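Coordinates in review
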Amino acid sequence: MSAKIEKVSIIISKGSLEGVYPGLIMANGARAEGMEANLFFTFFGLDAVHKARHEHIKLATVGNPGLHLATWAGGLPGVSSVMTHYLNNKMEQLDIPSIPEFVEMIADTGAGLYACKASADLFGITKADLIDQVKDIITVGEFYDMAAGGEIIFT
Amino acid sequence: MSAKIEKVSIIISKGSLEGVYPGLIMANGARAEGMEANLFFTFFGLDAVHKARHEHIKLATVGNPGLHLATWAGGLPGVSSVMTHYLNNKMEQLDIPSIPEFVEMIADTGAGLYACKASADLFGITKADLIDQVKDIITVGEFYDMAAGGEIIFT
Amino acid sequence: MSAKIEKVSIIISKGSLEGVYPGLIMANGARAEGMEANLFFTFFGLDAVHKARHEHIKLATVGNPGLHLATWAGGLPGVSSVMTHYLNNKMEQLDIPSIPEFVEMIADTGAGLYACKASADLFGITKADLIDQVKDIITVGEFYDMAAGGEIIFT
């Protein structure tokens, strides 16, 4: 029963830096362990595979007390950019790839990348708007079929 | 082993528009596939089944870089309402029901709706405050009993 | 198949009051039911087991429409502290322990506490920075090994 996890289906639903990385790290770790891994991008998480947007994902500096910024400071013009820049620099030092590079790397390991149909319709996004690594835009039902026999992780 | 998912237990813990919809869409999709689906409303997610609040759920316009609003703009009076109105309009065009309608629809498909006891106590909420479709206010232990044999999805 | 859940592996990834409590409540409930329970602290969730920070976790008052504060009001200096204080008081009346007490209580029930290596590296955190109840700083691969045979809950 507790032999090994065979498959993970990771949903990325948020469009902030700290919303996207955990799912990518978990997908990458799963592939490194030889597990099947699929990533499903939904709602604002779609930005991570959107050609025009995936290089511009920022840290949420307000509504994020974990940053230990004064709440009003987080809302000042430029603060989100500065903090994002700071964190990106630190990640570079640690050899953590940027989101576009990381997504490409994960696709190269054989993980499947999918976009959510309901969200794509809502935002008027078509397959042409998404990076080539995205295999398909799929429905919730198709997601469940793919996820069967593994763990679903909603991030 | 990977035959089919039999059951999903979806926890809705956030009280924003983009926090509530994913769980509803996943519950609805599960029922459409003939899977057992139960929804558990906890913390601010309780708003989605609260009689006085379920019609007033808004998009989080700050702390949500996915919206690509300047951070300071998201905090301006009225911006959250305007963006919520805009998204609601788009959803209407796509035949995505409003949250109160969607919750009712999902209950009609036979999904179970439950509220979390710890959260209800915290906010001083009783069963009378919640929409009639909520079957019960339950403990975490009762949740786990119901979720056994399926996938738990925390949103 | 739907006998009982044997194990839960709960990931805490957020550093706000409303981001940390749900995972703690679910871990505590799992132990009360005699299930194996492990907690994994990652990203801003690390604050909940950080010696210098775990007593200072605040409610997110912006980006949290569930609070029904005007968006601009949530960003005013002091509002996050006031709301956090108010909620903490209410929790005290309901015998809900503070985060540091709750984490200690859960560790005492035999749940395992772990920190995520990638996040610890990113924030320059070592084991000495974390409370003694944290057993180890582990990789994603080690997490999956521990989680096998149970439910993964990402909060």
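Values in this document were obtained by computation on a predicted structure and should not be read as measured data.

A word on the overall build of chain A. Secondary structure assignment for chain A yields six helices and five strands. Counting helices and strands in the order they occur from the N terminus, chain A gives β-α-β-α-α-α-β-α-β-α-β. Per-residue burial for chain A yields a buried fraction of 59% across its 155 residues. A fraction of 68% describes how many contacts in chain A between residues 6 or more apart in sequence connect residues 24 or more apart. Carbon together with sulfur atoms contributes 51% to the accessible area of chain A, which is approximately 6100 Å² in total.

Residue and element names in this part refer to chain A. Parsing chain A into structural domains produces domain 1 (1-55 + 100-155) and domain 2 (57-97). With 14 residues of domain 1 at the interface, the matching set in domain 2 holds 11 residues. Taking both sides of the interface into account, the surface hidden between domain 1 and domain 2 amounts to around 920 Å²; carbon and sulfur atoms contribute 68%. Considering only the side of domain 1, the residues that lose the most area to domain 2 are Leu17, Glu18 and Tyr21, jointly responsible for 57% of the buried surface there. For the pair domain 1 and domain 2, the interface holds zero salt bridges. For the side of domain 1 that touches domain 2, the secondary-structure elements that each account for two or more residues are helix H1 (17-32) and helix H4 (99-108). Its residues assigned to classes, the side of domain 1 that touches domain 2 shows six nonpolar, three polar and five charged.

All names here are of chain B. For the structure shown, the criterion picks out six salt bridges over all chains. A salt bridge links Lys117 to Asp121; the shortest N-O distance between them is 2.9 Å. Placement of the pair is Lys117 and Asp121 together in helix H5 (residues 117-123), with a separation of four residues, close to one helical turn. For Lys117, a relative accessible area of 37% gives the class partly exposed.

With that settled, consider the sheet that holds strand S1 (residues 7-12) of chain B. Residue and element names in this part refer to chain B. Spatial ordering of the open sheet is given by S4-S3-S2-S1-S5, a layout of five strands whose pairing is parallel. Every other strand in the sheet has two partners, leaving strand S4 (134-138) and strand S5 (151-154) as the edge strands with one partner each. For this sheet, the mean inter-axis angle between neighbouring strands, taken without regard to orientation, is 25 degrees. As judged from the four bridges shared by strand S2 (residues 36-41) and strand S3 (residues 112-116), these two strands associate in the parallel manner. Pairing of Asn38 across the sheet is with Gly112, part of S3.

The side chains of a regular strand alternate, residue by residue, between the two faces of the sheet. Most of S2(B) sits inside the fold, with five of its six residues counted as buried. Note that the unit made of S1(B), helix H1 (residues 17-32) of chain B and S2(B) has a crossover that is right-handed.

So, about a negative patch on the surface. Residue and element names in this part refer to chain A. On the surface, Glu92, Asp95, Glu101, Glu104 and Asp108 cluster together to form a negatively charged patch. The biggest single contributor to the negative patch is H4, with three residues. Classification of Asp108 by relative accessible area gives exposed; the value is 62%.

All names here are of chain B. Inspection of the secondary structure puts Thr139 in the loop between S4 and helix H6 (140-147). By relative accessible area, which is 35% here, Thr139 ends up partly exposed. In this structure the C-alpha to C-alpha distance between Thr139 and Asn88, which are 51 residues apart in sequence, comes to 33 Å.

A separate point is H1(A). Here H1(A) contains 16 residues, and its C-alpha end-to-end distance of 22 Å stays within 8% of the 22 Å for a straight helix at 1.5 Å per residue. For H1(A), the buried fraction is high: 13 of the 16 residues fall into the buried class.

So, about the environment of Asp95(C). Relative to the helices and strands, Asp95(C) resides in the loop between helix H3 (79-93) and helix H4 (99-108). Sequence separation of Asp95(C) and Phe143(C) is 48 residues, and the distance between their C-alpha atoms is 32 Å.

The next thing to look at is the side chain of Asp47(A). One can find Asp47(A) in the loop between strand S2 (36-41) and helix H2 (71-74). A polar contact of 3.3 Å, which involves the side chain of Asp47(A), links it to the side chain of Arg53(A).

The next thing to look at is the side chain of His54(A). Following the sequence through the fold, His54(A) ends up in the loop between S2 and H2. Discounting residues that sit within four places of it in the chain, His54(A) has contacts with Asp47(A), Ala48(A), Val49(A), Ile99(A), Pro100(A) and Ile131(A).

Bringing unusual backbone geometry into the picture now. Residues and elements named next belong to chain A. Of note in this structure, Phe43 is not a glycine but carries a positive phi near 45 degrees. Looking at where Phe43 falls in the secondary structure, it is placed in the loop between S2 and H2. Phe43 sits in the buried class, given a relative accessible area of 4%.

Turning to the packing of aromatic side chains, a few remarks are in order. Overall, the coordinates contain 21 aromatic pairs over all chains when judged by the stated rule. On the basis of an interplanar angle of 40 degrees and a centroid distance of 6.1 Å, the ring pair of Tyr21(B) and Phe102(B) is categorised as tilted. With Tyr21(B) in helix H1 and Phe102(B) in helix H4 (residues 99-108), this pair connects stretches of sequence that are 81 residues apart. A single burial state applies to Tyr21(B) and to Phe102(B), both of which are buried. Three or more aromatic residues joined by ring pairs form one cluster here, namely Phe40(A), Tyr114(A), Phe143(A) and Tyr144(A).

Criteria and cut-off values
Residues numbered from 1 in each chain as written. Chains lettered and ligands numbered in written order. Predicted model: local features only at pLDDT ≥ 70, side-chain atom pairs only at ≥ 80, totals over all residues. Heavy atoms only, no water. Helix = DSSP H or I, 4+ residues; strand = E, 2+ residues; numbered from the N terminus. Buried < 20%, exposed > 50% of the residue type's maximum accessible area, 1.4 Å probe, protein only. Contact = heavy atoms within 4.5 Å. Areas by Shrake-Rupley, 256 points an atom, 1.4 Å probe, with all protein chains shown as cover. Domains from an automatic or database assignment. Buried area = accessible area lost by both parts, 1.4 Å probe. Salt bridge = Lys/Arg side-chain N within 4 Å of Asp/Glu carboxyl O. Nonpolar A, V, L, I, M, F, W, Y, C, P; charged D, E, K, R; others polar. Pairing = 2+ DSSP bridges. Axes fitted to C-alpha atoms, helices over the stretch in contact; angles between N-to-C directions. Right-handed = clockwise from strand over helix to strand, strands pointing away. Patch = residues over 30% accessible without salt bridge, like charges linked within 9 Å, V, L, I, M, F, W, Y side chains within 5 Å. Lys, Arg positive; Asp, Glu negative; His and termini not counted. Charge placed at Lys NZ, Arg CZ, Asp CG, Glu CD. Expected span 1.5 Å × (residues − 1). Polar contact = N/O pair within 3.5 Å; in protein donor to acceptor, adjacent residues only side chain to side chain. Phe/Tyr/Trp six-rings, centres within 6.5 Å; stacked < 30°, edge-to-face > 60°.

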